[in-house]
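# Notes for the structure review
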Amino acid sequence: MGKKLIDTKPQQENAIVVVVCSKKGDNIERKTEEINRLSFSANLNVVKNFYQIIKDFNKGTVIGSGKIEEIKKYIDECEEYIDVVIVDYPLSGSQMKNLSDHFKVKVLDRVGLIIDIFAGGAKSREAKLQVKLAQDLYVLPRLSQMQGTSGRFGGAGVGMRGPGETKLELNRRILEKEMETLKTQIAKIKEQRQQSRKERLKSPLPKIALVGYTNSGKTSLLNLLVRENIYADDKYFATLDTTTRKLFLGEGKYAILTDTVGFISDLPHQLVDAFSSTLEESCDADLLLHVVDCSLDKNIDGMKEYEVNMKVTNELLDKLGATQNRIVVLNKADKLSKPQLIKDDEVLISTKTRRGIDELLARICQNIWPD
Ligand SMILES: Nc1nc2c(ncn2[C@@H]2O[C@H](COP(=O)(O)OP(=O)(O)OP(=O)(O)O)[C@@H](O)[C@H]2O)c(=O)[nH]1
Ligand SMILES: [Mg+2]
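Conventions adopted
- Throughout this document, residue positions are counted from 1 along each chain, in the order its sequence is written.
- Chains and ligands are labelled sequentially in the order written, the chains with letters from A and the ligands with numbers from 1.
- Totals for whole chains, interfaces and linings use all residues, but because this is a predicted model, local features are given only for residues with pLDDT of at least 70 and pairs of side-chain atoms are given and counted only at 80 or more.
- Note: side-chain values were computed over all heavy atoms of the structure, leaving out hydrogens and water.
- Put simply, DSSP H or I for four residues or longer makes a helix, DSSP E for two residues or longer makes a strand, and each gets a number counted from the N terminus.
- All radius of gyration figures rest on C-alpha atoms, and the globule criterion is 2.2 Å times the number of residues raised to 0.38.
- The buried label goes to any residue with under 20% of its type's maximum accessible area, the exposed label to any with over 50%, and the partly exposed label to all in between, with areas taken from a 1.4 Å probe on protein chains only.
- We call two residues in contact whenever any of their non-hydrogen atoms come within 4.5 Å of each other.
- A 3.5 Å cut-off defines polar contacts: any pair of N or O atoms within that distance qualifies, except that in protein one atom must be a possible hydrogen donor and the other a possible acceptor, and neighbouring residues in sequence count only when both atoms are side-chain atoms.
- Note: metal donors comprise N, O and S atoms at 2.8 Å or less from the metal (3.2 Å for Na, K and Ca); water molecules are not included, so apparent gaps in a site are possible.
- Think of it this way: DSSP has to see at least two bridges between two strands before they count as a pair.
- Inter-axis angles, ranging from 0 to 180 degrees, are taken between N-to-C directions of lines fitted to C-alpha atoms, where helices are fitted over the stretch in contact.
- Pairing of aromatic side chains requires ring centres within 6.5 Å, counting the rings of Phe and Tyr and the six-membered ring of Trp. Pairs whose planes differ by under 30 degrees are stacked, by over 60 edge-to-face, and all others tilted.
- Charge-over-ring placement is defined geometrically: NZ (Lys) or CZ (Arg) within 6 Å of the ring centre, and within 35 degrees of the ring normal.

Before going further, it helps to examine the overall build of the protein. For the protein, the helix and strand inventory stands at 12 helices and 12 strands. Taken over C-alpha atoms, the radius of gyration comes to 22 Å for the protein, in line with the 21 Å a tight globule of 371 residues would show. C-alpha extents for the protein along the principal axes are approximately 70 × 55 × 50 Å. Residues classed as buried in the protein amount to 50% of the 371 residues present.

Topologically, Asn331 is positioned in strand β11 (residues 325-331). Linking Asn331 and Ser216, residues 115 residues apart in sequence, is a C-alpha distance of 7.1 Å. Aside from chain neighbours lying at most four places away, what touches Asn331 is Ser216, Gly217, Val291, Val292, Asp293, Cys294, Ser295, Ile349, Ser350 and Thr351. Within polar-contact distance, the side chain of Asn331 engages the backbone oxygen of Ser216 at 3.0 Å. Only 3.3 Å separates the side chain of Asn331 from the backbone nitrogen of Thr351, close enough to count as a polar contact.

Here we come to the coordination of the magnesium ion (ligand 2). Reference values for coordination geometry: four tetrahedral donors around a metal ideally subtend 109.5 degrees, six octahedral donors ideally subtend 90 or 180 degrees. Thr219 (OG1) and Thr239 (OG1) make up the full set of protein donors to the magnesium ion (ligand 2), lying at 2.0 to 2.1 Å. Of the two residues, Thr219 is situated in helix α8 (residues 218-226) and Thr239 in the loop between α8 and β6 (243-248); the sequence distance between them amounts to 20 residues. Accessibility expressed as a relative area gives 6% for Thr219, which makes it buried.

What follows covers the sheet that holds β11. Pairing is mixed in the open sheet, where six strands are placed in the order β6-β7-β5-β8-β11-β12. The sheet terminates laterally at β6 and β12 (346-348), the two strands that pair on one side only. Each adjacent strand pair in this sheet contributes to an overall mean axis angle of 25 degrees, direction not counted. Across seven bridges, strand β8 (residues 287-293) lies against β11 in parallel orientation. When the sheet's bridge partners are listed, Leu288 is paired in β11 with Arg326. Where α8 meets the sheet, it contacts β5 (207-212), β6, β7 (254-259), β8 and β11, and its direction lies at approximately 150 degrees from that of β7. The sheet strands contacting helix α11 (residues 305-319) are β5, β8, β11 and β12, and the helix crosses β8 at an angle near 150 degrees.

Our focus in this paragraph is the packing of aromatic side chains. Each aromatic ring pair is specified by the distance between its two centres and by the angle formed by the two planes. In the structure shown here, the tally under the stated rule is five aromatic pairs. Residues Phe50 and Tyr74 carry aromatic rings whose centres are separated by 5.7 Å and whose planes lie at 80 degrees to one another, so their mutual orientation is edge-to-face. Of this pair, Phe50 sits in strand β2 (residues 44-53) while Tyr74 sits in helix α2 (residues 65-77), placing them 24 residues apart in sequence. Owing to a relative accessible area of 24%, Tyr74 belongs among the partly exposed residues under this scheme. By way of ring pairs, the aromatic residues Phe118, Tyr236, Phe237 and Phe275 are connected into one cluster. It is Lys235 that lies over the ring of Phe40; its NZ or CZ is 5.6 Å from the centre.

Encoded structure:
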């Protein structure tokens, strides 16, 4: 019998990414970089960016008819086969369908894209159930429109990957029932989690949580501090599961260190809802290490990009009810070309070169055991 070699690498799909802005301004560059990196994290190959500055909002398609024609022409004439058009704007089911009917390929918005990255990365049972629920929450209001696009949204590829692959074959009633079951299963895991949380709270060791924007270096810092080798990557949302380790702080002192999922601007509410117990763990600590990629120092509307990221993180922490002491850990110092102005509650470090790590450990101790 003959044998053949089968490529097991995940197939990359080609994408056109449309950046939608409400005004001409500095943040077009940030928006472009962020949506392109999200696409890369979903294993897409971005072939071209289009830009749409919204003046007169088009209710049916968001994108104006002139731009739609331009994109259609590009898809028709492009040497590469275009699999998907990503629109960096929240789309309703009918807007998705209308655009998909114009382009004859599937269309996904930013929320769908982020959920897809989560779907591709979910490893534990809990993360998988949470992603499935987020997919259901996203698909339900769009179900009939997505089903009405001649199967463009079905099958493999970006948009329907992972735990929810067969979703579009379901009808509304079955989907709603599935969501109820998922909620029950997640609640059960949450209960077990709270049990182990109680055990941990009984432990006299202080608890520290790593929080911050996605890709800032939280997992790299955990790996460095506890000499581990947990998966860290230059992709958004490399971490979807909570990891907890014991951290040695010198002279017989220990703490519990927790790493968790990263934040992003406009984190889809479907994911916030579905991942609420994982996100709430960020609050379950005596001290928060807010990790920041300070090499993102481009100017955006009068602020540095990393300051914008800090603001997004702080707003989400406020929403989650976190009020603990914080140390701001300015990471990736090795990438800086200019001197950095540091505030009192900030420490400059690099997990690559180990710069500032001893100072960080000293700060942590001062914070937990002030004398
Ligand atoms: N140059 C440089 N790169 C770093 C540093 N720390 C982390 N990185 C890189 O930044 C990328 C993201 O790191 P992670 O540790 O996965 O970041 P994270 O905050 O855990 O990201 P998510 O889990 O995706 O939210 C990886 O490619 C790291 O190698 C640093 O100090 N310097
Ligand atoms: Mg991580």
